[in-house]
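# Geometric and topological summary
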Amino acid sequence: MSKKYAIGVDYGTQSGRAVLVDLSNGYEIADHVTPYPHGVIDETLPTSGQALEHDWALQHPDDYLEVLRRSVPAVLKESGIRPSDVIGLGIDFTACTMLPIDEQGVPLCIKPEWKNNPHGWVKLWKHHAAQDEADRLNAIAAERGEKFLPRYGGKISSEWMIAKVWQIVNEAPDVYEATDLFTEATDWVISQLTGNFVRNSCTAGYKSIWHKKDGYPSKEFFKALDPRLENLTETKLRGDIVALGTKAGELTPAMAELTGLNAGTAIAVGNVDAHAAVPAVGVVTPGKLVMAMGTSICHMLLGTEEVEVEGMCGVVEDGIIPGYLGYEAGQSAVGDIFEWFVEEAVPAYVKEAAEKEGLGVHQWLTERAEAYKPGETGLLALDWWNGNRSVLVDTNLTGVIVGYSLLTKPEEVYRTLLESTAFGTRKIIDAFHDNGVPVDEVYACGGLPQRNRLLMQIYADVTNREIKIADSKQTPAIGAAMFGAVAAGSAKGGYDNVVDAAKAMARVREETFKPIPENVAIYEKLYREYSTLHDYFGRGANDVMKRLKALKDEASH
Ligand SMILES: Nc1ncnc2c1ncn2[C@@H]1O[C@H](COP(=O)(O)OP(=O)(O)O)[C@@H](O)[C@H]1O
Ligand SMILES: O=C(CO)[C@@H](O)[C@@H](O)COP(=O)(O)O
């Protein structure tokens, strides 16, 4: 049999990338990135120019197809691999990135009658405008003693499906009525590739409160939220829910023409970006925390028992690797905070100096920030620029920097922001480790470990753990390709399960980041200060952030 390959397509926040992978060793043969033509839509609706409210974040579904149109043919061309040797394709996506579709699977926002209604569009994972609904949902679930709540760390996030659907019911009942199905974008793209609509158990479990044994929450619960939602799960959330690695179907002739692949190629059910990365770094057993580090961080961990951990995003049976409970926690902004600083808060002289030296602004700031010892900036920050996902689960929390003086330099602030995100990760690791889900090893993948060594050293020092780094810039895509190979099966030259695929294909770099004892000691002190600020602003002692947000909302209406 000739060498076989699979394609993984990773749908990130700003772009989608296709990677063509050798199934015998996991090597990337070719990759190609397509920036989304519409990017993240968070200011005005492209069709009408209508201004969006705060905390909105939308996307255009055709941008996802554009990635298939451009990046899949590009990797085939660059590699010179014959389409007949590409036996499977898998995708991974941000989540909960959801959209309303009609009976034909057409997104409402591309239909003339709905294109000017923001609720007809894709709501991106970081659309946070359903916080009111999430708050009410959590209060009602707690009051009713719903047993699903502890599985989600005590709180359902405004980022997830039910809060987002309820926002549509409240603000655009006509869009709700016109919707045949609400779907995760990952499942919608797979339905476009195969002509079959199936839901994957990973997004259903983490984002839509679905449980392998108990199914969705009861009708009574949904009725208690809002009588209009009573039948939601059997109507607009209906559809078979199948495990990761299942073959969703085969590439349709129309999609074969669009991508250059052969019709009939096996297509795996959709997956989530962070979750796909876990087997791609070879993690298929408990005790090993995987951080997918980019715009945000998702922390993934396997366990053998279902335990409650404050603020975790969820625990889902088979949610990451079949046979284990998959735990997830996360930080809603990490790279996004660094980007905010570079775009919005850096003085002109920094940009000019960086340009003169031929460096990017991140790089310029990092080189200078490296010269400081832990504690030397005198600064400390709370990393809540986009709310707090774990452990407080509150998108109404905002950022703080303490310790400014007239001598504070931009590179010191940049270093402080890097450190603040490491402290946020430490909170999550402690929450798992101290509650019966041990974290013995840490792995990192995603864009950030490849771009910023200082950041990774800070994470090793703050968590006091050695960090292993994925040997690829495209780890989730490699994971997605592994699931594509599993969908194809060993008879076609793929694999029968993801553990076998990981054994052959996963890779981490030899070089690791090891904690430096002097730094660990100082960061321990700073972490105690971080924890004090964290609890003061985050646990109700001073709700100033929420009051400010309320004033801001009032003022802008
Ligand atoms: N040198 C750098 N140091 C720190 N952060 C960086 C650097 N370069 C880019 N970033 C941040 O990386 C993030 C993008 O991460 P990436 O993993 O590529 O994307 P995504 O999360 O969309 O998959 C952006 O938020 C950007 O601000
Ligand atoms: O929430 C999840 C996964 O559960 C992510 O999709 C979301 O944080 C977006 O991830 P990226 O930072 O774009 O990689």
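Calculation criteria
Within every chain, residues take consecutive numbers counted from 1 along the sequence as written. Labels follow written order: the first chain is A, the first ligand is 1, and so on. At least 70 in pLDDT is required for a residue's local features to be given in this predicted model, at least 80 for side-chain atom pairs to be given and counted, and no such filter applies to totals for whole chains, interfaces and linings, which use all residues. To obtain the side-chain values, all non-hydrogen atoms of the structure were included, while hydrogens and water were left out. Secondary structure elements follow DSSP: runs of H or I of four or more residues count as helices, runs of E of two or more count as strands, with numbering from the N terminus. The size measure is the radius of gyration over C-alpha atoms, and the globule rule it meets is 2.2 Å times the number of residues to the 0.38 power. Three exposure classes are used, based on accessible area relative to the maximum for each residue type with a 1.4 Å probe and protein chains only: buried under 20%, partly exposed in between, and exposed over 50%. A contact between two residues is defined here by any heavy atoms of the two lying within 4.5 Å. The criterion for a residue being near a molecule or strand is simple. One of its heavy atoms has to lie within 4 Å of it. Two N or O atoms count as a polar contact when they lie within 3.5 Å, although within protein this holds only if one can serve as hydrogen donor and the other as acceptor, and sequence-adjacent residues are included solely when both atoms are side-chain atoms. Per-residue and other accessible areas follow the Shrake-Rupley method at a 1.4 Å probe size, with only the shown protein chains counted as cover for residues. Amino acids outside the nonpolar list (Ala, Val, Leu, Ile, Met, Phe, Trp, Tyr, Cys, Pro) and the charged list (Asp, Glu, Lys, Arg) are all regarded as polar, and Gly is one of them. UniProt positions are given in the numbering used here, feature names are shortened, and annotations may be inferred rather than shown by experiment. Lines fitted to C-alpha atoms define the axes, with helix axes restricted to the stretch in contact, and inter-axis angles between N-to-C directions lie between 0 and 180 degrees. Orientation labels follow simple angle bins: below 35 degrees gives roughly parallel, above 145 gives roughly antiparallel, 65 to 115 gives roughly perpendicular, and whatever is left gives oblique. The handedness criterion is simple: a crossing whose near helix is rotated anticlockwise from the far helix by less than a right angle is left-handed, and one whose near helix is rotated clockwise is right-handed. Paired strands, in this sense, are two strands between which DSSP finds at least two bridges.

## Focus: the overall build of the chain
A count of helical and extended segments in the chain gives 19 helices and 22 strands. Against the 2.2 N^0.38 benchmark of 24 Å for 557 residues, the chain shows a C-alpha radius of gyration of 23 Å, consistent with a compact globule. Projected onto its principal axes, the C-alpha coordinates of the chain cover approximately 65 × 55 × 50 Å. Classification of the 557 residues of the chain by burial places 62% in the buried group.

## Observations regarding the side chain of Thr395
With respect to the helices, strands and loops of the structure, Thr395 is situated in the loop between strand E18 (380-382) and strand E19 (400-402). Judged by relative accessible area, which is 9%, Thr395 ranks as buried. Beyond its immediate chain neighbours, meaning those up to four positions away, Thr395 contacts His128, Gln131, Ser158, Gly387, Asn388 and Lys549.

## Quick look at the site of ligand 2
For ligand 2, the set of nearby residues contains 13 residues, the closest of which are Thr13, Lys207, Asp273, Ser296 and Glu328. A distance of 2.9 Å is found between an oxygen atom of ligand 2 and a backbone nitrogen or oxygen belonging to Ala95. Glu328 places a polar side-chain atom, nitrogen or oxygen, 2.5 Å from an oxygen atom of ligand 2. If ligand 2 stood free it would expose 380 Å²; the protein chains cover 92% of that surface. The residue inventory of the shell around ligand 2, partitioned by class, reads four nonpolar, five polar and four charged.

## Let's talk about the UniProt feature "domain: Carbohydrate kinase FGGY C-terminal" (unreviewed entry) in the chain
Under the local residue numbering, the UniProt record ascribes the feature "domain: Carbohydrate kinase FGGY C-terminal" (unreviewed entry) to residues 290-488. Along residues 290-488, the helical share is 42% and the strand share 19%, with 26 Å between the first and last C-alpha atoms.

## A short note on helix H3 (residues 161-171)
Among the eleven residues of H3, nine are classified as buried, and the element is accordingly described as predominantly covered. Taken together, the buried positions of H3 are occupied by Met161, Ile162, Ala163, Lys164, Val165, Trp166, Gln167, Ile168 and Val169.

## Section: the packing of helix H16 (residues 475-488) against helix H17 (residues 498-505)
In the contact formed by H16 and H17, the axes pass within 9 Å of each other and the chain directions differ by 125°. In terms of orientation, H16 lies oblique with respect to H17. Both H16 and H17 take part in a crossing whose hand is right-handed. Residues Met482, Phe483 and Val486 of H16 pack against Val498, Ala501, Ala502 and Met505 of H17. Tallied by class, residues from the contact of H16 with H17 come to seven nonpolar, no polar and no charged.

## Some words on the sheet that holds strand E17 (residues 325-331)
Pairing is mixed across the open sheet formed by seven strands, whose spatial order is E16-E17-E15-E14-E20-E21-E22. Every other strand in the sheet has two partners, leaving strand E16 (314-317) and strand E22 (508-513) as the edge strands with one partner each. For this sheet the average axis-to-axis angle between neighbouring strands, irrespective of direction, equals 25°. Judged from the three bridges that link them, strand E20 (residues 441-445) and strand E21 (residues 467-470) form a sheet pairing that is parallel. Bridging from a neighbouring strand, Tyr443 pairs with Lys468 of E21. The sheet strands contacting helix H9 (residues 273-280) are strand E14 (288-293), strand E15 (297-303), E17 and E20, and the helix crosses E15 at an angle near 55°.

## Section: the side chain of Thr233
As for its placement among the helices and strands, Thr233 is situated in the loop between helix H7 (219-225) and strand E10 (241-242). Exposure remark for Thr233: the relative accessible area of 15% places this residue in the buried category. Apart from residues lying up to four places away in sequence, Thr233 is in contact with Tyr216, Phe222 and Arg238.

## Quick word on the site of ligand 1
Around ligand 1, 15 residues are found, and the nearest of them are Arg17, Thr295, Gly335, Gly447 and Asn452. Here an oxygen atom of ligand 1 and a backbone polar atom of Asp336 are 3.3 Å apart. The side chain of Tyr414 places a nitrogen or oxygen atom 3.3 Å from a nitrogen atom of ligand 1. Listed by contribution, the elements that provide at least two residues to the shell around ligand 1 are helix H10 (335-345) and helix H14 (447-451).

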